[in-house]
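# Structural features, examined
Spelled out from the first residue to the last, the chains are:
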There are 4 protein chains.
Amino acid sequence: MRAQRADARRSQILDAAVQVFAHKGFHAATVRDIAKKAKLADGTMYLYFKNKNDLLLAILDRMRERERHAVESPRGLTPDANARTLWVDSLRQRIDVFRGSLRELQAVLPDILRAPVLRRRYLQAVLPSRPGFAEPTVGAVGDESALRELDPRLSQRIMPSLFMGLLVLRMLGDVEVDALWDALPEQLAELLHPPRKAAPRPAAAAARSPQTRGRRRAAS
Amino acid sequence: MRAQRADARRSQILDAAVQVFAHKGFHAATVRDIAKKAKLADGTMYLYFKNKNDLLLAILDRMRERERHAVESPRGLTPDANARTLWVDSLRQRIDVFRGSLRELQAVLPDILRAPVLRRRYLQAVLPSRPGFAEPTVGAVGDESALRELDPRLSQRIMPSLFMGLLVLRMLGDVEVDALWDALPEQLAELLHPPRKAAPRPAAAAARSPQTRGRRRAAS
Amino acid sequence: MRAQRADARRSQILDAAVQVFAHKGFHAATVRDIAKKAKLADGTMYLYFKNKNDLLLAILDRMRERERHAVESPRGLTPDANARTLWVDSLRQRIDVFRGSLRELQAVLPDILRAPVLRRRYLQAVLPSRPGFAEPTVGAVGDESALRELDPRLSQRIMPSLFMGLLVLRMLGDVEVDALWDALPEQLAELLHPPRKAAPRPAAAAARSPQTRGRRRAAS
Amino acid sequence: MRAQRADARRSQILDAAVQVFAHKGFHAATVRDIAKKAKLADGTMYLYFKNKNDLLLAILDRMRERERHAVESPRGLTPDANARTLWVDSLRQRIDVFRGSLRELQAVLPDILRAPVLRRRYLQAVLPSRPGFAEPTVGAVGDESALRELDPRLSQRIMPSLFMGLLVLRMLGDVEVDALWDALPEQLAELLHPPRKAAPRPAAAAARSPQTRGRRRAAS
DNA sequence: CATGAATGAGAGTTCATTCAT
DNA sequence: CATGAATGAACTCTCATTCAT
């Protein structure tokens, strides 16, 4: 009971902080701003968080937690789906998770970009080496993939980077990205994991599907 | 004459500001920090810039200016090159320009991500709709390109996003991206503009790096 | 019955306050500190005392009360003692009373030194003009005393001052004073009320301490 | 020139701080109080002192410095004076020094009583073991002194304690002590270093001087 | 032009006090 | 009676900005 109330308060404050940080950034945001947004008195925040900095860390923790949840309890995938569908689905899940914490990321990312401590503590976990985030790109890629010739260090980073980049564009106010967001899984699958009709065939620019006929490199 | 002196002072201050902003971020950086780095008195900055905010705008202006220069006066391209080479070269130029302002971007990006004014005023110009930045990706792509089936709004954003994303990874401290940086043009060409017909050339990317090393900031 | 409970609570709180004040001083001590030490909730204090300031006054009141008690009900003095013994005994009683409230004094003195209200209201009563505190020095002094030629205003203040001073040294951390404390009555008698005629008795002071050790706070 | 201005400012601020601390105590005094008393802006203090605490240390340093000065450059003593005169003179000098920093002491003493750091760092130097402060009491004492029979640890502390105690009485608002202050050297000499007319004579309650006839212990 | 001492608004934070439970 | 979450005034300290030199 008591613990529940406390958790509710923490959430209430964190939500306010996310909004204010996303809007003004960590440094420009004042504790008073956050308190006002949370409809609390200035001092109340300090009953639940050690200080303003702690607020940032708590936001990151909450993000991690949510992601862990999402990863650990994946929605059931259709068992008989083919590889591409699986890949698209898993990609969509990641994107959805991402979208869930989009505001959080926007609130937190710019300030993380400077703080080496934060970067080390959180972002290696949250971003590039996140288990499963890069792998689909690589693991599912057969010999014919466009990624075959790439430096593996780069190919591992294609997806996260593309993602990060699109996110930044969004944050920069690009409305098109916003509109595209839902189509991203399919589109990225199209780009990086082209559907294959047949078994691996070294040659031939075969037509593989109605929509994608004539795609991909003819011979390689 | 007098104007030149003033410009030199402005540059001196801006350089200092870039360094300090890149390190601490706009809000955490103090005018005193910048003045000290520029070896000037605190008040002197105000003779050349209206206020601290104006410094940020000036940094952005300078970035734009440099980019405009780079775009308007491209280094001579080998006239007999084939389409792909052209594309790679033009891509490399862009990347070099980017690299020239890498510190600036790092100094400025996190704070720009929030300030709607800055975003509207500067970044739509600097980033996605930058003339020529996305086009190579699209324009040079033949029928066989991986990009053909994509939503054009997305395909236009592939390159900038990938770029932004890699940059963010760099800023997040990913050393691999750093190491890969010089090979990026070839690698991205490999990915988005695959060479026709030829057999796999796994060594191409790696072979490039030696010469491009040490070219750092050539364009700045 | 009910009043007793309330008194017990008051004492419980005052004891805690004395400890915390002695350690941190009035201003640096927080109500929470005191509540924690008293194993009560923060707000409970306010059921027994008007506010934090009132705590200080209550401590002083309790000190006065104790001293009044000690003065009004002196332990029986050996009826056949000579003048000097009487003087020494009475001095010892005072010192013991003092010692009983030593922590209180330490808790309260520094802050009393500034607050004119406190000084006027309490300390003139507690200290110099305290009935009987200075008198032994003066009244018991025969023609041969060292004090005879002094300005009476000073001679009245010799004992309290000496005392206060030694107390301050103690508070300043002088361990020697601490060790000497039990021997003080004899020693001060030696100084201010020299024994007549008899030969030097160098061992007197030291001899006393064993028994008086362990009497700590007997009077409190 | 510049350094002089800075020193003047420091003094100006320290003087204000002494007044405010003496009046309200360290903790109750606000930086704004001090700034106002010094007729400066709030922030100006921080150009000259690291923080409020530093102010306290600086006051102590200044006291030490003054005392060192007074000790190192003693006013010329009449070379042909007898021992007692010398003692009285030296005592007066100490008292004068003391009086010079009386307000400082009042400002600083109560807070020093709690801070172990301050005590260790400053007061052992300022108070009891101060070279020359206790010694006159002891060194000048012949075999006949009232101090002969005392525990040496105590006799060393008589003077400082008496002093401290009188000071505390003063701080407590005892106006009589205030009035007596100037007569203290003579009076204390009277008490602790009785004038001797003749050579050491073990017996006889001799009349020694008009004013002091019949003083001191008859036989010892 | 250049300086840097001075300013004072406003930041983060603490804590005496209240009051619904 | 007792609690302790909530309050918000007031604290210390920072720093962008000004201006006499």
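Residues numbered from 1 in each chain as written. Chains lettered and ligands numbered in written order. Predicted model: local features only at pLDDT ≥ 70, side-chain atom pairs only at ≥ 80, totals over all residues. Heavy atoms only, no water.

## Considerations on the side chain of Ser161(C)
The following threshold applies: Each helix is a run of DSSP H or I of at least 4 residues and each strand a run of E of at least 2, with the numbering of both proceeding from the N terminus. Only protein chains enter the accessibility calculation, which uses a 1.4 Å probe; a residue is then buried when its area is under 20% of its type maximum, exposed when over 50%, and partly exposed in between. Think of a polar contact as two N or O atoms within 3.5 Å of one another; within protein, one of them needs to be a possible hydrogen donor and the other a possible acceptor, and neighboring residues in sequence only count if both atoms come from side chains. We call two residues in contact when some of their heavy atoms are within 4.5 Å.
For Ser161(C), the position within the fold is in helix H9 (residues 152-171). Residue Ser161(C) is classed as buried on the basis of its relative accessible area, which comes to 0%. Within the local environment of Ser161(C), its side chain forms a polar contact with the backbone oxygen of Arg157(C), the two atoms lying 2.7 Å apart. Here Ser161(C) is in contact with Ser161(D), Leu162(D), Gly165(D), Leu166(D) and Leu169(D), once residues within four sequence places are set aside.

## Some words on the protein's contact with DNA strand F
Rules: Throughout this document, a residue counts as near a molecule or strand when at least one of its heavy atoms sits within 4 Å of that molecule or strand.
Taken together, the neighbourhood of DNA strand F is formed by 31 residues, with Arg9(A), Thr44(A), Tyr48(A), Thr44(C) and Tyr48(C) sitting nearest. Interatomic distance of 2.4 Å between a side-chain N/O atom of Tyr48(C) and a phosphate oxygen of DNA strand F. Interatomic distance of 2.9 Å between a side-chain N/O atom of Tyr46(D) and a phosphate oxygen of DNA strand F. Of all elements in the fold, only helix H1 (2-24) and helix H3 (45-48) of chain A together with helix H1 (2-24) and helix H3 (45-48) of chain C reach the threshold of two or more residues within the surface near DNA strand F.

## Quick word on the packing of aromatic side chains
Residue and element names in this part refer to chain A. Applicable threshold: Pairing of aromatic rings covers Phe, Tyr and the six-membered ring of Trp, with a centre-to-centre limit of 6.5 Å; geometry is then stacked below 30 degrees between planes, edge-to-face above 60, and tilted otherwise.
Enumeration according to the criterion identifies 8 aromatic pairs over all chains in this entry. An angle of 70 degrees between the planes, with centres 5.9 Å apart, marks the rings of phenylalanine 163 and tryptophan 181 as edge-to-face. Of this pair, phenylalanine 163 sits in helix H9 (residues 152-171) while tryptophan 181 sits in the loop between helix H10 (175-180) and helix H11 (184-192), and the two are 18 residues apart along the sequence. Here the two residues phenylalanine 163 and tryptophan 181 agree in accessibility, since each one is buried.

## Description of unusual backbone geometry
The phi torsion at Lys39(A) lies on the positive side, around 55 degrees, for a residue other than glycine. Tracing the backbone shows Lys39(A) in the loop between helix H2 (31-37) and H3.

## A short note on the pattern of salt bridges
Short version of the rule: Any carboxyl oxygen of Asp or Glu within 4 Å of a side-chain nitrogen of Lys or Arg constitutes a salt bridge here.
Going through the model one piece at a time under the given rule, you end up with 26 salt bridges over all chains. Measuring nitrogen to oxygen at the nearest pair gives 2.9 Å for the salt bridge that ties Arg170(C) to Asp178(C). One connected set of salt bridges, linked through shared partners, spans Asp15(A), Arg62(A) and Glu104(A).

## Quick word on the protein's contact with DNA strand E
What surrounds DNA strand E is a group of 31 residues, the closest being Thr44(B), Tyr48(B), Arg9(D), Thr44(D) and Tyr48(D). One of the backbone nitrogen or oxygen atoms of Ala41(B) is found 3.2 Å away from a phosphate oxygen of DNA strand E. One of the backbone N or O atoms of Ala29(C) is found 3.4 Å from a phosphate oxygen in DNA strand E. Counting only elements with at least two residues in the surface near DNA strand E, the list comes to helix H1 (2-24) and helix H3 (45-48) of chain B together with helix H1 (2-24) and helix H3 (45-48) of chain D.

## Considerations on helix H9 (residues 152-171) of chain B
Residue and element names in this part refer to chain B. Applied cut-off: Each residue after the first adds 1.5 Å to the expected span of a helix. To get the bend at any residue, fit one axis to the seven residues that end at it and another to the seven that begin at it, then take the angle between the two axes.
With 20 residues, H9 should reach 28 Å at 1.5 Å per residue; the first-to-last C-alpha distance of 29 Å fits that figure. Along its length, H9 shows its largest kink, about 40 degrees, at isoleucine 158, and proline proline 160 lies within four residues downstream of that point. Of all 20 residues in H9, 17 are buried; the element is thus mostly enclosed. The opening residue of H9, the one whose side-chain oxygen lies 2.8 Å from the backbone nitrogen of arginine 153, is aspartate 151. Immediately beyond the C-terminal end of H9, within one or two residues, lies glycine 173, with a positive phi of roughly 100 degrees.

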